[in-house]
Amino acid sequence: MAIWLGLCGVALVVAYLLGSFPTGYIAGKLLKGIDIREVGSGSTGATNVLRTLGKGPGAFVLVIDCLKGVLAIALIYWLFSFAPAQNLIPSTVDIPIWQPWMITLSGLFAILGHSKSIFLGFSGGKSVATSLGILLAMNWQVGLATAGVFALFIAISRIVSLSSISGAIAVPILMVILQQPLPYILFGVAGGLYVILRHRTNIERLLAGMEPKIGQKLATDEAVDG
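Described below are features of the structure shown in this document. (Residues numbered from 1 in each chain as written. Predicted model: local features only at pLDDT ≥ 70, side-chain atom pairs only at ≥ 80, totals over all residues. Heavy atoms only, no water.)

**Let's talk about helix 7 (residues 140-157)**
Then comes step 1: Under the 1.5 Å per step criterion, the end-to-end length of helix 7 is 25 Å for 18 residues, consistent within 8% with the ideal 26 Å.
Then comes step 2: Within helix 7, the full set of buried residues consists of V142, G143, T146, V149, I154 and S157. Angular distribution of buried residues about the axis of helix 7 spans 130°; they occupy a single face of the element. Facing away from the buried side of helix 7 by over 90 degrees, the exposed positions are W140, L144, A155 and I156.
Then comes step 3: For helix 7, the elements touching its buried residues are helix 6 (128-138) and helix 8 (160-177).
Then comes step 4: If you check the start of helix 7, you find a side-chain oxygen 3.0 Å away from the backbone N of Q141, and it comes from N139.
Then comes step 5: One or two steps after helix 7, the chain reaches R158, where phi turns positive at roughly 65°. (Helix = DSSP H or I, 4+ residues; strand = E, 2+ residues; numbered from the N terminus. Expected span 1.5 Å × (residues − 1). Buried < 20%, exposed > 50% of the residue type's maximum accessible area, 1.4 Å probe, protein only. Arc of directions from axis to C-beta. Contact = heavy atoms within 4.5 Å. Polar contact = N/O pair within 3.5 Å; in protein donor to acceptor, adjacent residues only side chain to side chain.)

**Observations concerning the pattern of salt bridges**
Should the charged atoms of two oppositely charged side chains come close, the side chains can pair.
Then comes step 1: The final tally for this structure, using the stated rule, is three salt bridges.
Then comes step 2: Between D35 and R37 there is a salt bridge whose closest N-O contact spans 2.9 Å.
Then comes step 3: Here K68 ties to D65 by a salt bridge, and the two come within 3.3 Å at their closest N and O atoms. You can see K68 and its partner D65 sitting in helix 4 (residues 55-85), three residues apart, about one turn around the helix.
Then comes step 4: According to the relative accessible area criterion, K68 is buried, its value standing at 4%. (Salt bridge = Lys/Arg side-chain N within 4 Å of Asp/Glu carboxyl O.)

Scope: geometric values only; no functional claims are made or implied.
In structure tokens form, the structure reads like this:
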């Protein structure tokens, strides 16, 4: 059991490190020699990269940040296929119960890594793209439906933060509708709340009617989204 618990612990650390990979920060340094945290919104996420560096870098960061979430979940699927073949899982471990919980924990660690990167002094983005990658790897129907909610709200409002918050609210509802395991539903609740909390300054601006739309400049250096 000790070896198995150790493997699970290592997997969660790797998930956190995957989330921590500072894609937006590296893009800023390589393309303009800037610290992306010191310009625009101060976020390392795709939205700030889009506004600061342009569409190409923004799209690249979005894809890579999404892939970080996919890889964090893929790691757990690999662990639960590799470990039994090597007789590393004790007979007392019920795989159908353990796997969804480990997937959920891995997803949460990846989200935390993106927003609190160990490589950036525990700063980062708002975990929206990484969360989408996690959802797509957990259940592609939930992931696509969440992306659809985001796309609908961005088409109507042209406000990224509102669309991200709407997607976060939709996740646990979609998990329930699609009859996902309890750990996944709890991930939807916990992950969604975390993403919303990361947008608290955006919510204040939304309530004040001061949140800019896509293409508009920020009135201050505060963040719209990450």
